[in-house]
Amino acid sequence: MRLRFFWSRFLPTSFVVGFSTLGPLGRVGRAPGTIGSLAGLAYYAVFFHNLGPFAFIFYSVLSAYIAMGICDASEERLGLRDPGMIILDEFVAVPLVFLGLGGANGLIAAYGGWPILLLGFGLFRFFDILKPLGIARLQNLPGGVGCVADDLAAALASCACLHILLQFAPQ
């Protein structure tokens, strides 16, 4: 059974496809998922880095819901199942890699900022590409839910690994 996002049906196709591909970013020749993940890293740095935990979770859930609706409508209008050019799923998932790390006043800052962000990015790409731990099965969920769910799971797996690594890393 496919979850329907009725609100996305009223949006123009050009908007839906453009949003799901992050404009021209999803149409780059090679590795559009990596480009979407880099854009997601920027999304985290600009909008999530200094949020408290409740705001972080609220905006993550809101972003994921919007992405599911947009990706669902985009898949339907393109007639394709989770095509590589749809990168909104990676974009909204990447901030979850850094959940609980405290941004400017937390563990990210304590460990030098960018090295932690790059490590988190690398872990996310690992889990997103290989899809271990049952993450691959989430892609089989119908429509936009399946498109986004595997990326959310990859982000949460990356987050767990990052927390574990930082527990054992010298400051």
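A quick note: this is a predicted structure, and the numbers were derived from the prediction, not measured. (Residues numbered from 1 in each chain as written. Predicted model: local features only at pLDDT ≥ 70, side-chain atom pairs only at ≥ 80, totals over all residues. Heavy atoms only, no water.)

### Some remarks on the pattern of salt bridges
The condition is simple: When a carboxyl oxygen of Asp or Glu lies within 4 Å of a side-chain nitrogen of Lys or Arg, that pair is called a salt bridge. Strands here are runs of E lasting at least two residues and helices are runs of H or I lasting at least four, both read from the DSSP assignment and numbered beginning at the N terminus. To sort residues, take the accessible area from a 1.4 Å probe on protein chains only and compare it with the maximum for the residue type: under 20% means buried, over 50% means exposed, and anything in between is partly exposed.
Under the counting rule described, the total for this entry stands at four salt bridges. Here Asp 128 and Arg 125 are joined by a salt bridge, their closest N and O atoms 2.6 Å apart. With Asp 128 and Arg 125 both in helix α6 (residues 114–130) and three residues apart, this pair spans about one turn of that helix. As far as the burial class goes, Asp 128 and Arg 125 line up, both buried. Through salt bridges that share partners, Arg 125, Asp 128, Lys 131 and Asp 150 make up one connected network.

### A short note on the nonpolar core
Just so we agree on the cut-off: By convention a nonpolar core is built from buried Ala, Val, Leu, Ile, Met, Phe, Trp, Tyr and Cys residues, the set being connected through side-chain atoms within 4.5 Å. Between two residues, a contact is recorded if the distance between any of their heavy atoms is within 4.5 Å.
Of all hydrophobic cores here, the largest spans 44 residues; its most connected members are Leu 88, Phe 98 and Leu 162. Elements represented by at least two residues in this core include exactly α2 (32–48), α3 (53–78), α4 (88–93), α6 and α8 (143–168). When sequence neighbours within four positions are dropped, the list of residues in contact with Leu 88 reads Phe 19, Ser 20, Leu 22, Ala 67, Ile 70 and Cys 71.

### Looking at the packing of α2 against α6
Note the cut-off: Lines fitted to C-alpha atoms define the axes, with helix axes restricted to the stretch in contact, and inter-axis angles between N-to-C directions lie between 0 and 180 degrees. Note on convention: the crossing is left-handed when the near helix lies turned anticlockwise from the far helix by less than a right angle, right-handed when the turn is clockwise. In the scheme used here, Gly and all other residues not listed as nonpolar or charged are polar, with Ala, Val, Leu, Ile, Met, Phe, Trp, Tyr, Cys and Pro taken as nonpolar and Asp, Glu, Lys and Arg as charged.
Axis separation between α2 and α6 bottoms out at 11 Å; the angle between their running directions is 145°. In this structure, α2 meets α6 at a crossing whose hand is right-handed. The residues of α6 that touch α2, namely those facing Gly 33, Thr 34, Ser 37, Leu 38, Leu 41 and Tyr 44, are Trp 114, Leu 117, Phe 121, Phe 124 and Arg 125. When its residues are assigned to classes, the contact of α2 with α6 shows seven nonpolar, three polar and one charged.

### Points about α6
Applied cut-off: How far a helix is expected to stretch is found by multiplying one less than its residue total by 1.5 Å.
Its 17 residues place the ends of α6 24 Å apart at the C-alpha level, agreeing with the 24 Å of an ideal helix rising 1.5 Å per residue. Within the span of α6, buried status applies to Ile 116, Leu 117, Gly 120, Phe 121, Leu 123, Phe 124, Arg 125, Phe 127 and Asp 128. In the core, the buried residues of α6 are packed alongside α2, α4, α5 (107–110), α7 (135–138) and α8. Directly after α6, the chain includes Lys 131, whose backbone phi takes a positive value near 50°.

### Points about the packing of α2 against α3
Heads up, the rule is: These descriptions rest on fixed angle ranges, namely under 35 degrees for roughly parallel, over 145 for roughly antiparallel, 65 to 115 for roughly perpendicular, and the rest for oblique.
Put simply, α2 and α3 touch, their axes get as near as 12 Å, and they point 135° apart. Here α2 lies oblique to α3, going by the angle between them. Every pair of crossing elements has a handedness; the one defined by α2 and α3 is right-handed. Where α2 abuts α3, its residues Tyr 43, Tyr 44 and Phe 48 lie against Phe 56, Tyr 59, Ser 60 and Ser 63. Partitioning the contact of α2 with α3 into residue classes produces five nonpolar, two polar and no charged.

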